[in-house]
Amino acid sequence: YVPGNLTVTAAAVPEFFTNGVIAAMTTTYGTASSPSQIDVGGSNMVAGITVTPPTGYEVSLSSGSGFATGVVVNGTGTIEATTVYLRLAADADVNTYNDFLTLSSSNATPLNIQLPQSTVSVKALTISNPGVVTKVYDDTTSATVTGTLSGVVNGDSVSFTDSGSVFASANAGTNNVTASLSLTGDDAGNYSLTTPTGLTGIITPKALTVSGAGASNKVYDATTTAVITNATLVGVLNGDVVTVSGG
């Protein structure tokens, strides 16, 4: 051992820096938003910079492709400012988002960057080939609208049900129909439904039967006329006034 002065030099601390301000983003569910951007870099880095977005976002080092749930800006020592692109993902649920973008790296204290409030709005669906189920007269105006739900994305579980469509009249014939439909399914909250208009549907007459009918005896009169008696109509709905007569 040789006596002397010992000099200890502390290791340089890795530090991040950013340039620019991330702009608020808006989109409709099922479509990724236009990207915003920020420049990130660092000094005294011993490894690359990992950029991690919060739920609902995705990042890339290119403005038009390569978006994922995280990217790495490679380098050591001084990492020059590198543009990172951030967008709302196409599968981000309808909601308002304002979480943090996180920069991390070996031996560095993570940096959380507050994101501005951004919004994903509902996607409008339509009914293709809408129609109305023909029904037999039942003294009600209830109607059933059919069709195919159009516009669902991301393999979502969404369907529609008839929640109260009505005929303009309860009487037999061709009637206008006002549709009332609602969405159901695990992912229904990401959508709205454009209800079809201009629908018509058919109510067919209800078939009745005659019970207990008989024919009265008569004296020969050189005609074939007969008088039916004790005829009772079966199938008339409560409240309707219907009679049977010969002819």
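The residue numbering used here restarts from 1 in each chain and proceeds along that chain's sequence as written. Given that the model is predicted, a residue must reach a pLDDT of at least 70 before its local features are reported, and side-chain atom pairs must reach 80 or more before they are shown or counted; all residues, however, enter totals for whole chains, interfaces and linings. Values reported for side chains reflect all heavy atoms of the structure, with hydrogen atoms and water molecules removed beforehand.

> Whenever I open this one, the nonpolar core confuses me. Can you help?
For soluble globular proteins, the rule of thumb is that nonpolar side chains tend to be buried together. By nonpolar core we mean a set of buried residues, namely Ala, Val, Leu, Ile, Met, Phe, Trp, Tyr and Cys, connected to one another through side-chain atoms within 4.5 Å. Note on classification: 1.4 Å probe, protein chains only; a residue is buried when its accessible area is under 20% of the maximum for its type, exposed when over 50%, partly exposed between these limits. In this structure, Ile49, Val51, Leu86 and Leu101 are the most contacted members of the largest nonpolar core, which totals 42 residues. For this core, the element with the highest residue contribution is strand 7 (residues 77-88), accounting for 4 residues. Contacts are assigned to residue pairs with any non-hydrogen atoms lying within 4.5 Å of each other. Sequence-distant contacts of isoleucine 49, defined by excluding residues within four places in its chain, comprise Phe16, Gly41, Gly42, Val71, Val72, Val73, Ile79, Leu103, Ser104 and Ser105. Numbering of helices and strands runs from the N terminus; a helix is a DSSP stretch of H or I covering at least four residues, while a strand is a stretch of E covering at least two.

> Sorry if this is basic, but what is going on with the packing of aromatic side chains here?
Each aromatic ring pair is described using two quantities: the centre-to-centre distance and the angle formed by the ring planes. Note on aromatic contacts: the rings of Phe and Tyr and the six-membered ring of Trp form a pair at centre separations within 6.5 Å, being stacked when their planes are under 30 degrees apart, edge-to-face when over 60 apart, and tilted otherwise. Under the criterion given, the structure shown has 2 aromatic pairs. When the ring of tyrosine 29 is compared with that of tyrosine 191, the centres are 5.4 Å apart and the planes differ by 85°; the resulting orientation is edge-to-face. Residue tyrosine 29 is located in the loop between strand 2 (26-28) and strand 3 (36-45), and its partner tyrosine 191 is located in strand 19 (residues 191-193); the two are separated by 162 residues in the primary sequence. Neither tyrosine 29 nor tyrosine 191 differs from the other in exposure class; each is buried. Only when the NZ atom of a Lys or the CZ atom of an Arg is both within 6 Å of the ring centre and within 35 degrees of the ring normal do we say a charge sits over the ring. Here the guanidinium or amino end of arginine 87 rests over the ring plane of phenylalanine 67, the centre of that ring lying 3.9 Å away.

> How do you make sense of unusual backbone geometry when you look at a structure like this?
Trans peptide bonds make up the majority, and among non-glycine residues the majority have a negative phi. With phi around 60°, asparagine 44 is a residue other than glycine that occupies positive phi space. Relative to the elements of secondary structure, asparagine 44 occurs in strand 3. Residue asparagine 44 is classed as partly exposed on the basis of its relative accessible area, which comes to 35%. Positive phi, normally seen in glycine, also occurs at alanine 222, with a value near 65°. Among the secondary structure elements, alanine 222 is positioned in the loop between strand 22 (214-215) and strand 23 (228-229).

> Hey, could you run me through the pairing of strand 4 (residues 49-52) in this one?
Regular strands have side chains that alternate between both faces of the sheet. Where burial is concerned, the two faces of strand 4 differ: the one with Ile49 and Val51 is buried and the one with Thr50 and Thr52 is not. A pair of strands is treated as paired once DSSP finds two or more bridges between them. Alignment of strand 4 against strand 6 (residues 71-73), held across 3 bridges, turns out to be antiparallel. Among the inter-strand pairings, threonine 50 is bridged to a residue of strand 6, identified as valine 72. Bridge count for strand 4 against strand 9 (residues 100-104) is 3 bridges, and the pairing is antiparallel. Each bridged residue has a counterpart across the sheet, and for threonine 52 the counterpart in strand 9 is threonine 102.

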